[in-house]
Amino acid sequence: MAVAGCTKCIKYMLFFFNFIFWLAGGVILGVALWLRHDSQTSSLLILQFEGHQAPGTFYISVYILIAVGAVMMLVGFLGCYGAIQESQCLLGTFFFFLVILFACEVAAAIWGFMNRDTISKELINFYDSAYIKAVDVSGSPSKDAAIKVLDVFHTTLDCCGKGDDTALFKQVASTLCPRKSPEDFLKSQSCHDKLVELFSEKLYLIGLAALVVGVIMIFEMIFTMVLCCGIRNSPGVY
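Keep in mind that what you see is a predicted model, and the values were worked out from it rather than measured.

(A) Just the overall build of the protein chain, in detail. On a plain count of helices and strands, the protein chain comes out with 9 helices and 2 strands. Counting from the amino terminus, the protein chain carries its helices and strands in the arrangement α-α-β-β-α-α-α-α-α-α-α. In the protein chain, 78% of the contacts between residues at least 6 apart in sequence involve partners at least 24 apart. On the protein chain, roughly 12900 Å² of surface is accessible, and the fraction owed to carbon and sulfur atoms is 68%.

(B) Representation of the state of the cysteines within the structure. In total, this model carries 1 disulfide according to the counting rule given. Note that Cys-159 is cross-linked by a disulfide to Cys-191, the S-S spacing being 2.0 Å. Its S-S torsion of approximately 95° makes the covalent link between Cys-159 and Cys-191 right-handed. Placement of Cys-159 in the loop between helix H6 (143-157) and helix H7 (167-176) and of Cys-191 in helix H9 (residues 191-233) is noted, with a sequence separation of 32 residues between them.

(C) Here's a closer look at helix H1 (residues 6-37). Spanning 32 residues, H1 covers 46 Å between terminal C-alpha atoms, matching the ideal 46 Å at 1.5 Å per step. The inward-facing, buried residues of H1 contact helix H2 (39-45), helix H3 (57-85), helix H4 (88-114) and H9.

(D) A look at the environment of Val-149. Along the chain, Val-149 falls in helix H6. Judged by its relative accessible area of 3%, Val-149 falls in the buried class. For the pair Val-149 and Phe-49, spaced 100 residues apart in the sequence, the C-alpha separation amounts to 7.3 Å. Those residues in contact with Val-149, other than ones at most four positions away along the chain, are Leu-47, Gln-48, Phe-49, Phe-126 and Ala-130.

(E) Highlighting a nonpolar patch on the surface. The grouping of Tyr-12, Phe-15, Phe-19, Trp-22, Leu-23, Phe-77, Tyr-81 and Ile-84 at the surface amounts to a nonpolar patch, some 770 Å² of accessible area in total. Those elements that provide at least two residues to the nonpolar patch are H1 and H3. Examining the composition of the nonpolar patch, we find that 5 residues originate from one element, H1, more than from any other. Counting through the fold element by element, Leu-23 comes out in helix H1.

(F) The UniProt feature "transmembrane region" (unreviewed entry) in the protein chain, seen in detail. Per the UniProt record, "transmembrane region" (unreviewed entry) is annotated on residues 12-35, 56-84, 90-113 and 203-227. Summarising residues 56-84: 97% helix, 0% strand, and an end-to-end C-alpha distance of 43 Å. The annotated region residues 90-113 carries 100% helix and 0% strand content, and the separation between its end C-alpha atoms amounts to 34 Å.

(G) Up close: the packing of aromatic side chains. For the structure on display, the rule yields 10 aromatic pairs. Between Phe-96 and Phe-97, the ring centres sit 5.6 Å apart and the planes meet at 65°, which makes this aromatic pair edge-to-face. Assessed through its relative accessible area of 37%, Phe-97 is described here as partly exposed. Note on Tyr-127 and Phe-153: the rings are 5.2 Å apart at their centroids and 75° apart in plane angle, and the pair reads as edge-to-face.

(H) Quick look at the environment of Val-75. Looking at the secondary structure, you find Val-75 in helix H3. Residue Val-75 is classed as buried on the basis of its relative accessible area of 3%. Along the primary structure Val-75 and Gly-25 are separated by 50 residues, whereas in three dimensions their C-alpha atoms are 9.2 Å apart. Those residues in contact with Val-75 that lie beyond four places of it in its chain are Phe-21, Phe-94, Phe-97 and Leu-101.

Thresholds applied
Residue numbers here run from 1 along each chain, matching the order of that chain's written sequence. With pLDDT at 70 or above as the cut-off, local features in this predicted model cover only qualifying residues; side-chain atom pairs require 80 or more to be listed or tallied, and sums for whole chains, interfaces and linings still use all residues. Note that water and hydrogens are dropped before the side-chain values are worked out from all heavy atoms of the structure. Secondary structure is summarised from DSSP: a helix means a run of H or I of at least four residues, a strand means a run of E of at least two, and numbering begins at the N terminus for each. Contact between two residues is taken to exist if any of their heavy atoms lie within 4.5 Å; hydrogens are not considered. To measure how exposed things are, a 1.4 Å probe is used in the Shrake-Rupley method; for residues, cover is taken only from the protein chains shown. Count a disulfide wherever a pair of cysteine sulfur atoms falls within 2.5 Å. Expected helix span is taken as 1.5 Å per residue step, with the number of steps being one fewer than the number of residues. Exposure categories follow from relative accessible area, calculated using a 1.4 Å probe and restricted to protein chains: below 20% of the type maximum is buried, above 50% is exposed, and the middle band is partly exposed. Patch membership requires over 30% relative accessible area and the absence of a salt bridge. Like charges are linked within 9 Å, and nonpolar side chains (Val, Leu, Ile, Met, Phe, Trp, Tyr) within 5 Å. The term salt bridge refers to a pairing of a side-chain nitrogen on Lys or Arg with a carboxyl oxygen on Asp or Glu at a separation within 4 Å. UniProt positions are given in the numbering used here, feature names are shortened, and annotations may be inferred rather than shown by experiment. Any two rings among Phe, Tyr and Trp, with Trp reduced to its six-membered ring, count as a pair given centres within 6.5 Å; such a pair is stacked if its planes are under 30 degrees apart, edge-to-face if over 60, and tilted if neither.

Dropping the structure here:
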């Protein structure tokens, strides 16, 4: 027999939240794919210098988001179907996966908070390694490669230098930042600041999405337990 009264209301609220959860999974999957193929980040993270690839820690977070988004869509569908069918088995399975997802999200949030500055620092160090070679007056064999790497940073981020540039760098700035006049160079933002800004914005977006999904998960777990109890106590269910 179908549930009635308040439990029936809970059933449709759970369906609604699961539908939102399913949509949120699609949004997270879409955002993750956008972050993966964003022109600014991809043009920087494919760079190589002296046999070293630009640090790809950022992509680890993106790949995790892609997996989470796909799983959320699957789990959301399972929850919607279980709520409509009033199946304790499906709802129990849904609750199990929901708890696992919530635990993974909390763990990922803790990891992200502890390593929030790691991504920008790794790329800043990569930039600095090319910067040192680019201003080397001894004619290093990797100088041309370093100049090309810096050009990608300067073009992509519309920046120039580190912000505390030496007199030597300022002398060759017209070569390393060919798109900037001497006056523009003095006004330009440092690439260090631009890198921090670039990834801070993207990590803020990821954190906001995780917070919204976490709140939805909490409501879903509560509604799932209430609905399961309501189904179990309904007349005709033994």
